[in-house]
Structures are given as structure tokens and as C-alpha cells.
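Listed below are the residues making up each chain.
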Amino acid sequence: MIALTLIGKPDCHLCEVASDVVDAVVADLPDALAEDMEITELSILDDPALYEKYWEKIPVLLIDGEQHAHWRISPERLREALAAKADATAGQGPAQAADAAEGAER
């Protein structure tokens, strides 16, 4: 499972554009990969910690908890990052993928 987290706020034009870019990129992915995505949208207005960390950068896109981009989301760069992430976890079962993700965080 690849987790995409888009951090923004309501009535933010760039946040709406970023959401559209994420949706379009995921829609263009092969079905098997797209079905392995979990997309979550969070608002900095609902979480003081998110506000403190990201208020100057929204929208912010995280891939598996790591910052991928802020302000403007490039469809090409996102596609490449998701393909690389899929390649890195290809052939791994859930336990191995979790171990690989944990190792990458260290």
C-alpha cells in the first residue's frame, strides 16, 4: 500500500489544483497500482501540529509519510515517484514491504 497524504486547507486554490493533479495521476496509473494507493486529505485547520509545520507550504504532498512536494505538484514528478515506489516494493509481501519502509525511515 502506498499512502498519499495531501495537506492543505479549505478554499485554497493551489490545494484544489494539487488534489486534481493527484486524482488525475492516480487515475492514469495501471489498475493494480492505483488500487494499491490510499489517498488522504488533511486540513491544517484541523490539526495544530500540521498547521505549525506546513502553514507556509500548503499544499504539501507526502508519499508514505515523506514530503514529496509543496506549493505545486508536478504530474510528471509524481508519476515518476509512484513508479519508483511501486518498483521498490514489487515482489515483496506485506511484511517485507513494511520492513523496507521502516528501513528507509532510519
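Going by what an unreviewed UniProt entry lists, the chain is known as Glutaredoxin-like domain and is assigned to Microbacterium azadirachtae.

1. So, the pattern of salt bridges
As a working rule, side chains carrying opposite charge can pair if their charged atoms are close by. With the rule as written, the count across this model stands at 1 salt bridge. The salt bridge involving Asp 64 is made with Lys 85; its shortest N-O contact spans 3.3 Å. Separated by 21 residues along the polypeptide, Asp 64 in the loop between β3 (60-63) and β4 (66-70) and Lys 85 in helix α4 (residues 75-89) bring together distant segments of the chain. Residue classification places Lys 85 among the partly exposed residues on the basis of a relative accessible area of 24%.

2. Quick word on α4
Between its first and last C-alpha, α4 extends 21 Å over 15 residues, near the 21 Å set by a 1.5 Å rise per residue. Inspection of α4 places Leu 78, Leu 82 and Ala 86 among the buried residues, and these make up the whole buried set. Axial view of α4: buried residues confined to an arc of 70°, hence all on one face. Of the exposed residues in α4, those oriented more than 90 degrees away from the buried face are Glu 80, Asp 87 and Ala 88. Each element contacted by the buried residues of α4 is listed here: β1 (2-8), α1 (13-28), α2 (31-34), β2 (37-43), β3 and β4.

3. Some thoughts on the side chain of Thr 5
Residue placement: Thr 5 occurs in strand β1. Of the residues examined, Thr 5 reaches a relative accessible area of 14% and is grouped as buried. In this view, Thr 5 contacts Thr 40, Leu 42, Val 60, Leu 61 and Leu 62; residues no more than four positions away in its chain are not counted.

4. Some words on a nonpolar patch on the surface
Judged by side-chain polarity, Leu 45, Tyr 51 and Trp 55 come together as a nonpolar surface patch covering roughly 350 Å² of accessible area. Relative to the assigned elements, Tyr 51 resides in helix α3 (residues 48-54). With relative accessibility at 40%, the residue Tyr 51 sits in the partly exposed group.

5. Structural notes on the state of the cysteines
For the coordinates displayed, the defined rule picks out 1 disulfide. Here Cys 12 pairs with Cys 15 through a disulfide, and the sulfurs are 2.4 Å apart. Residues Cys 12 and Cys 15 share a disulfide whose torsion about the S-S bond is about 70°; that sign makes it right-handed. Taken as a pair, Cys 12 and Cys 15 share a single burial class, namely buried.

Reading the values: rules and limits
- Residues numbered from 1 in each chain as written.
- Predicted model: local features only at pLDDT ≥ 70, side-chain atom pairs only at ≥ 80, totals over all residues.
- Heavy atoms only, no water.
- Salt bridge = Lys/Arg side-chain N within 4 Å of Asp/Glu carboxyl O.
- Helix = DSSP H or I, 4+ residues; strand = E, 2+ residues; numbered from the N terminus.
- Buried < 20%, exposed > 50% of the residue type's maximum accessible area, 1.4 Å probe, protein only.
- Expected span 1.5 Å × (residues − 1).
- Arc of directions from axis to C-beta.
- Contact = heavy atoms within 4.5 Å.
- Patch = residues over 30% accessible without salt bridge, like charges linked within 9 Å, V, L, I, M, F, W, Y side chains within 5 Å.
- Areas by Shrake-Rupley, 256 points an atom, 1.4 Å probe, with all protein chains shown as cover.
- Disulfide = S-S within 2.5 Å.

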